[in-house]
Amino acid sequence: MISGSNYYIIVPEVVNVLNLEVTPYSESICSQKLDNIKHQVIGNPAVVELLKDPIMIEDEKADVIMFFSMSNAKEKAKIFVQTGNNIETVWDSLVNILRNYSLINDIDLKWIKVDIVCKIDKLDSAELRDRIRSKNTNFYRKGISFDPKFKVALLEAELNSNKIINYKADELNIERLSKYLRKYREIELVNIPDLIYEFSTISFFVDENYNFYELYTDDLNFGRRKIGTPSKNDIYKIIERSSAYLANNIDQEGKFTYGYFPTFDKIIENYNILRHSGALWSLLISYKITNDPKLLESIRNGIRYLIQDGLVFKDHKTAYILERKANEIKLGGNAIAIILLISYMEDQKSDEYMNLVLCLGNGILELLSMDSGKYYHVLEYPGFVRKAEQRTIYYDGEATFALCKLFGITKDQKWLLAAKTSLDYFIDNNYIKYVDHWVSYSVNEFTKHSPEDKYLEFGLKNVYENIEWIFSRPTTYHIYSELLMQGYEIFNRARRNEPDIPTQLEFDYEKLITAIKYRLSYSLNAFFYPEYAMYFKNPERIVDSFFIRQSSFRVRIDDIQHFLGGLCQYYFHYEDVNSKGLQ
């Protein structure tokens, strides 16, 4: 047992690795990965600079402090830390520890992450509380050591992935901290000391294919691979991987696994048929890019489930999508189903669901006041009686978008007139204040058919009056990229049809382009790259998905839908957005 003033380390039984039967394959995998990255890490300019000017701790030059994290993709990463006055010695020591551990435990080593401490701040409990308080939930992006020698030290990813920080109380959760240290570090923490050591790291990652990545070190991007300005191929790969992840989470009957809370590897048991349709729509858009036949198979299975489980008729001309668990009919349920089914028919050049979308459209019309342009949101089933006038503002934009899609496929003016009536209501009631991507979708679709000044101007205002807000958000809120990309299409339509409108509004095109690129790049912080997924309980279950950091890293089908939606639209317009000047 090794003791400190606030901890003791439980030393496990020593195993003589010399007596183990070592397979050449497992030995070579571990050695090759480590040999491949050693010179790249030690020779990295930031590391070289750090060694020239070592960090200080308690008025003394600190040793080299290095972490190795290893994962087989099936279990939470195992972390080792070593210190010393020579980086080569520290590296070799960690290599020996890592090799021995992987051999003793027969680990199929896939991912390795290296962290080198580059900055240390000594904080008392009040200072730590202030720093946590200044951050959104799960946005504290520093590691913490509980002693100056880093015998008990946790990386940022360990702290957040295990809910060790209580963001409501602005303090560490001693119960979760102790449990984690005991189970994964074989350390018994007696108490949290009065002084702790907050640290930052320079970090690197090597994947199962020996690809080496340097990771971002700034707070907002911290811990993910540096790729600079994403290329079109970078965007393609994310779309390909994330859409495949979503498609693989549909079972044989066409129902999604709704989502996960990855800290505890907990399945989200709830279900939402509206989000079911939306997730299928994002797969359909992704299919236009990747042409992956597995996506199309999943889409068809998902549509079959939607119809079999969700469809109910009020009469032979009026249909609704039912949320069976709540016995509710939601305006948005009809809307997203229409958008999905029409988009599918357009892609497949068929009229398979034409009668169905007309009946669902009639359901929307029953919930729209043609006098005021206002929608009613929720009916009770059975009986189709009115239950809730207002549920979420998003239903309105979804419904108007669906009406525009109906006009596009039928050319029946009743759909366009209904859409116009609702848009007038949006304008009169300042829907710009909601920063709603579905409003942008609806205006964009409407002005494809009727590019009137009033609606083009409204669509542009929905972008530029919200652009500062969108820029300033520290979260990866997924709908912003969709809102901006729909605004980009509206701008180009206005410029072609009514070129005076953008000028009169003093619309800043360059700012729009900057915002699009920024939000798109920033959204990649929500992609579960393996270098972050490896710190959760079941990495292979979440890798290649998207998560919501501030919501306990939640992975849910609608989250993936919206991230994919923004990425796909950016992909379609990649050349124009990244060209110089207006095209």
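Everything here concerns the structure above.
Residues numbered from 1 in each chain as written. Predicted model: local features only at pLDDT ≥ 70, side-chain atom pairs only at ≥ 80, totals over all residues. Heavy atoms only, no water.

The strand order β16-β15-β22 describes an open sheet built from three strands, whose pairing is antiparallel. Unpaired on one side and paired on the other, β16 (266-267) and β22 (555-556) mark the two borders of the sheet. Pairing of strand β15 (residues 259-261) with β16, which is carried by two bridges, proceeds in the antiparallel orientation. Paired with Tyr-260 across the two strands is Ile-267, which belongs to β16. (Pairing = 2+ DSSP bridges. Helix = DSSP H or I, 4+ residues; strand = E, 2+ residues; numbered from the N terminus.)

The final tally for this structure, using the stated rule, is 39 aromatic pairs. Seen from their ring centres, Tyr-236 and Tyr-571 are 6.1 Å apart, and the 45° between their planes marks the pair as tilted. Here Tyr-236 is found in helix α7 (residues 232-248), whereas its partner Tyr-571 is found in helix α22 (residues 557-572), with 335 residues between them in sequence. The exposure class of Tyr-571 is buried, given its relative accessible area of 17%. Ring-pair connections join several aromatic residues into one group, and the members of that group are Phe-528, Tyr-532, Phe-536, Phe-547 and Phe-553. Sitting above the plane of the Tyr-184 ring, Lys-76 keeps its charged end 5.3 Å from the centroid. Just above the ring of Tyr-213 sits the side chain of Arg-225; from NZ or CZ to the centre is 3.9 Å. (Phe/Tyr/Trp six-rings, centres within 6.5 Å; stacked < 30°, edge-to-face > 60°. Buried < 20%, exposed > 50% of the residue type's maximum accessible area, 1.4 Å probe, protein only. Lys NZ or Arg CZ within 6 Å of the ring centre and 35° of its normal.)

With six of six residues buried, strand β18 (residues 318-323) is to be regarded as a mostly interior element. Along β18, one buried face is formed by Thr-318, Tyr-320 and Leu-322 and the opposite face, lined by Ala-319, Ile-321 and Glu-323, is buried too. Across four bridges, strand β17 (residues 311-315) lies against β18 in antiparallel orientation. Within β18, the residue paired with Phe-313 across the bridge is Ala-319. Between the end of β17 and the start of β18, which pair antiparallel, lie two residues. As paired strands, β18 and strand β19 (residues 328-330) are joined by two bridges and run antiparallel to one another. Pairing of Glu-323 across the sheet is with Glu-328, part of β19. Where β18 folds back onto β19 in an antiparallel hairpin, the turn is made up of four residues, including Asn-327, whose phi is positive at roughly 50°.

Counting residues in hydrophobic clusters, the biggest one holds 199 residues, and the most contacted among them are Met-66 and Phe-67. For Met-66, the residues in contact, after removing those within four places along its chain, are Phe-80, Val-81, Gln-82, Ile-87, Val-90, Trp-91, Leu-94, Val-114, Asp-115 and Ile-116. (Core = buried A, V, L, I, M, F, W, Y, C linked by side-chain atoms within 4.5 Å. Contact = heavy atoms within 4.5 Å.)

Enumeration over the complete set of coordinates arrives at 35 salt bridges. In this structure, Glu-575 engages Lys-232 in a salt bridge whose closest nitrogen and oxygen atoms are separated by 2.9 Å. Residue Glu-575 is located in helix α23 (residues 574-577), and its partner Lys-232 is located in helix α7; the two are separated by 343 residues in the primary sequence. With its nearest N and O atoms 2.8 Å apart, the salt bridge here joins Glu-389 to Lys-374. Taken together, the positions of Glu-389 in the loop between β21 (385-388) and α12 (394-410) and Lys-374 in the loop between α11 (354-366) and β20 (378-380) put the pair 15 residues apart, joining distant regions of the chain. With a relative accessible area of 43%, Glu-389 lands in the partly exposed category. Exposure remark for Lys-374: the relative accessible area of 31% places this residue in the partly exposed category. By sharing partners, the salt bridges in this structure join Lys-119, Asp-121, Arg-131 and Glu-198 into a single network. (Salt bridge = Lys/Arg side-chain N within 4 Å of Asp/Glu carboxyl O.)

Overall, antiparallel pairing links the five strands, which are arranged β17-β18-β19-β20-β21 in an open sheet. Either end of the sheet is taken by a strand with one partner, and the two such strands are β17 and β21. On average, each strand axis in the sheet is tilted by 45° relative to the strand beside it, whichever way the strands run. Lying on the sheet, helix α9 (residues 293-310) is in contact with β17 and β18; it crosses β17 at an angle near 50°. (Axes fitted to C-alpha atoms, helices over the stretch in contact; angles between N-to-C directions.)

Moving on to the packing of helix α13 (residues 413-428) against helix α15 (residues 453-464). Close contact between α13 and α15 brings their axes to 11 Å; oriented N to C, the two are set at 50°. Put simply, α13 runs oblique to α15. Classified by chirality, the crossing of α15 by α13 is left-handed. In this structure, α13 contributes Lys-420, Leu-423, Asp-424, Phe-426 and Ile-427 to the contact, and α15 contributes Lys-454, Tyr-455 and Phe-458. In terms of residue class, the contact of α13 with α15 is made up of five nonpolar, no polar and three charged. (Parallel < 35°, antiparallel > 145°, perpendicular 65-115°, else oblique. Left-handed = near helix turned anticlockwise from the far one by under 90°. Nonpolar A, V, L, I, M, F, W, Y, C, P; charged D, E, K, R; others polar.)

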